[in-house]
Amino acid sequence: IIDMDTKTGHLLSNNIAGVNRILPHKHKYAWDLFLKSCANNWMPTEISMQNDINQWKNNEITESEKLLVKRCLGFFAGSESLVGNNLLLSAFRYITDAECRQYILRQAFEESLHNLTIVYVCDSLDLDIDEVFAAYQNIPSIKAKDDFLMQITDDISAQDFDPNSKEAKQALLRNFLTYWVICEGTFFFSGFAMLLALGRQNKLQGISDQIKYTLRDESSHIAFGTYLINTLIEQNPEIWTQEIQDEFVDHIKKAVDLEIAYAKDVLPTGILGLNADMFVDYMYYIGNRRLEGIGLDYRFPSDKNPFPWLGEVVDVQAMGNFFERRVREYQQSGSLEDDF
Ligand code: MN
Ligand code: FE
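Presented here is a report on the structure given in the accompanying data block.

Conventions we followed
- Residues numbered from 1 in each chain as written.
- Chains lettered and ligands numbered in written order.
- Predicted model: local features only at pLDDT ≥ 70, side-chain atom pairs only at ≥ 80, totals over all residues.
- Heavy atoms only, no water.
- Helix = DSSP H or I, 4+ residues; strand = E, 2+ residues; numbered from the N terminus.
- Buried < 20%, exposed > 50% of the residue type's maximum accessible area, 1.4 Å probe, protein only.
- Lys, Arg positive; Asp, Glu negative; His and termini not counted.
- Salt bridge = Lys/Arg side-chain N within 4 Å of Asp/Glu carboxyl O.
- Contact = heavy atoms within 4.5 Å.
- Expected span 1.5 Å × (residues − 1).
- Axes fitted to C-alpha atoms, helices over the stretch in contact; angles between N-to-C directions.
- Parallel < 35°, antiparallel > 145°, perpendicular 65-115°, else oblique.
- Nonpolar A, V, L, I, M, F, W, Y, C, P; charged D, E, K, R; others polar.
- Donors = N, O, S within 2.8 Å, 3.2 Å for Na, K, Ca; no water.
- Tetrahedral: all angles 85-135°; square planar, octahedral: opposite > 155°, others 65-115°.
- Phe/Tyr/Trp six-rings, centres within 6.5 Å; stacked < 30°, edge-to-face > 60°.
- Lys NZ or Arg CZ within 6 Å of the ring centre and 35° of its normal.

What follows concerns the side chain of Lys66. Mapped onto the elements of the fold, Lys66 is located in helix H4 (residues 63-94). Notably, Lys66 is buried but unbridged: the nearest opposite-charge side chain belongs to Glu63, and the N-O separation is 4.2 Å. Ignoring sequence-local partners within four residues, the contact set of Lys66 consists of Trp56, Asn59 and Ile61.

In structure tokens form, the structure reads like this:
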């Protein structure tokens, strides 16, 4: 039997034999991202929350800052789980390439760590869990983002969904764009900027550090999603119609508007040297990067990054200490035999 898929590297296929063939490499980009993610392993619970707890209880954190933290966690609580579920219940089923599947499994694990971050922060700061976990129902600017994600995606998880027609492949493309580019690539970013801005002022450093690692994970998820979208288009050029390109530009524009509305809601008075207007520029900047990533021509009217420091915080150098410390700790801990 000639297994064509192990040669062509088609992402989507009925030939299920291909799912086990990691070698020879056909999507080395996905494999390399998988290796890089494994090398960057981290655990939220390894980051101490003691200073955060003291600051939170000793009123060193203002009410506006507390609200910002709860709103950010509120959006993440709904969407991290949405992304993880979509990955395994929908995307994974149709992407039969072994290396891409390997990356998706890794990404799903990282989403579960991000869920753990939310739980760990709620536990540490003794937050009202209903306020955090019901935010996607109760806070209009958060609900609007989640509703938008649901509205623009078709249900591709149905048993009888056949991914082989042109329309079905466009539905997959829409799913990839919605979750990887809009949800992870756009909707997470104002929250990251706000929480990291707190950390820059030595406030809630534990949360801020966890967000640094989360942001690094998300950067890799976006890179993979962009690769997936471009590869699917390259393999099926007939699905990349003018109509679907216009639709995607429209979706990204609406997503940027929703994200700006969310930032205004979370930062009503402007704190931490941040104000909602900066997020207009920031979301335009992010939106332009996402459009660029998938080869769409539209550009938002401004292209300046008001938070140049954001790129630096995920810099590998800056994070080196954490990993050096951990490797030492692992090496100094008892031998593996002790566990068996
Ligand atoms: Mn995540
Ligand atoms: Fe992610």
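Following the structure, the description resumes.
Moving on: the pattern of salt bridges. Within this structure, the stated rule accounts for 13 salt bridges. Among the salt bridges present, the one from Glu247 reaches Arg174, with a minimum N-O distance of 2.6 Å. In this pair, Glu247 is assigned in helix H12 (residues 242-266) and Arg174 in helix H9 (residues 166-187), connecting sequence segments 73 residues apart. Among the charged side chains, a salt-bridge network with shared partners connects Lys70, Arg71 and Glu131.

The next point concerns helix H2 (residues 28-39). Since there are 3.6 residues in each turn of an α-helix, residues three or four apart along the chain are aligned in direction. With 12 residues, H2 extends 16 Å between its outermost C-alpha atoms, agreeing within 8% with the 16 Å of an ideal straight helix rising 1.5 Å per residue. Residues of H2 that are buried in the fold lie against helix H5 (98-125) and helix H11 (205-235).

Turning our attention to the packing of H2 against H11. Close contact between H2 and H11 brings their axes to 10 Å; oriented N to C, the two are set at 170 degrees. Between H2 and H11, the angle falls in the class roughly antiparallel. Two secondary-structure elements touch here, H2 through Tyr29, Ala30, Leu33 and Ser37 and H11 through Ser220, Ala223, Phe224 and Tyr227. Looking at the contact of H2 with H11 residue by residue, the class counts come to 6 nonpolar, 2 polar and no charged.

To continue, consider the coordination of the iron ion (ligand 2). Where a metal carries four tetrahedral donors, each ideal angle is 109.5 degrees; where it carries six octahedral donors, the ideal angles are 90 or 180 degrees. The iron ion (ligand 2) binds to the protein through Glu111 (OE), Glu184 (OE), Glu218 (OE) and His221 (ND1); the donor distances cover 1.6 to 2.1 Å. Viewed at the metal, the 4 donor atoms of the iron ion (ligand 2) are separated by angles of 87 to 166 degrees, and the geometry they form is irregular. Between consecutive donor residues of the iron ion (ligand 2), the sequence gaps follow E-x72-E-x33-E-x2-H. The distance between the iron ion (ligand 2) and the manganese ion (ligand 1) comes to 3.1 Å, and Glu111 binds to both of them. Residue Glu111 is located in helix H5, and its partner Glu218 is located in helix H11; the two are separated by 107 residues in the primary sequence.

We now examine the packing of aromatic side chains. Taken as a whole and assessed by the stated rule, the structure comprises 21 aromatic pairs. Centroid distance Phe75 to Phe187: 6.1 Å. Interplanar angle 85 degrees. Geometry classified as edge-to-face. With Phe75 in helix H4 and Phe187 in helix H9, this residue pair connects regions lying 112 residues apart in the sequence. You can call Phe75 buried: its relative accessible area is 1%. On the basis of relative accessibility, which here comes to 1%, the residue Phe187 falls in the buried class. For the pair Tyr284 and Phe300, a centre-to-centre distance of 5.2 Å together with 10 degrees between the ring planes defines the contact as stacked. Of this pair, Tyr284 sits in helix H13 (residues 276-293) while Phe300 sits in the loop between H13 and helix H14 (309-313); the two residues are 16 residues apart in sequence, bridging distant segments of the chain. The buried category is assigned to Tyr284, whose relative accessible area is 19%. Residue classification places Phe300 among the buried positions, given a relative accessible area of 8%. The structure contains a cluster of three or more aromatic residues connected by ring pairs, namely Phe75, Phe76, Phe187, Phe188, Phe189, Phe192 and Tyr262. It is Lys145 that lies over the ring of Tyr262; its NZ or CZ is 3.7 Å from the centre.

Okay, the coordination of the manganese ion (ligand 1) next. Glu80 (OE), Glu111 (OE), His114 (ND1) and Glu218 (OE) make up the full set of protein donors to the manganese ion (ligand 1), lying at 1.9 to 2.2 Å. For the manganese ion (ligand 1), the donor residues sit on a single chain with the sequence spacing E-x30-E-x2-H-x103-E.

With that settled, the discussion passes to the environment of Tyr29. You can see Tyr29 is positioned in helix H2. For the pair Tyr29 and Glu99, spaced 70 residues apart in the sequence, the C-alpha separation amounts to 8.8 Å. Filtering out sequence-adjacent residues up to four positions away, Tyr29 remains in contact with Ala223 and Tyr227.

On to the environment of Ala158, then. Tracing the chain through its elements places Ala158 in the loop between helix H8 (140-152) and H9. Separated by 69 residues in the primary sequence, Ala158 and Leu89 place their C-alpha atoms 9.7 Å from one another. Discounting chain neighbours no more than four positions away, the residues touching Ala158 are Arg93 and Tyr94.

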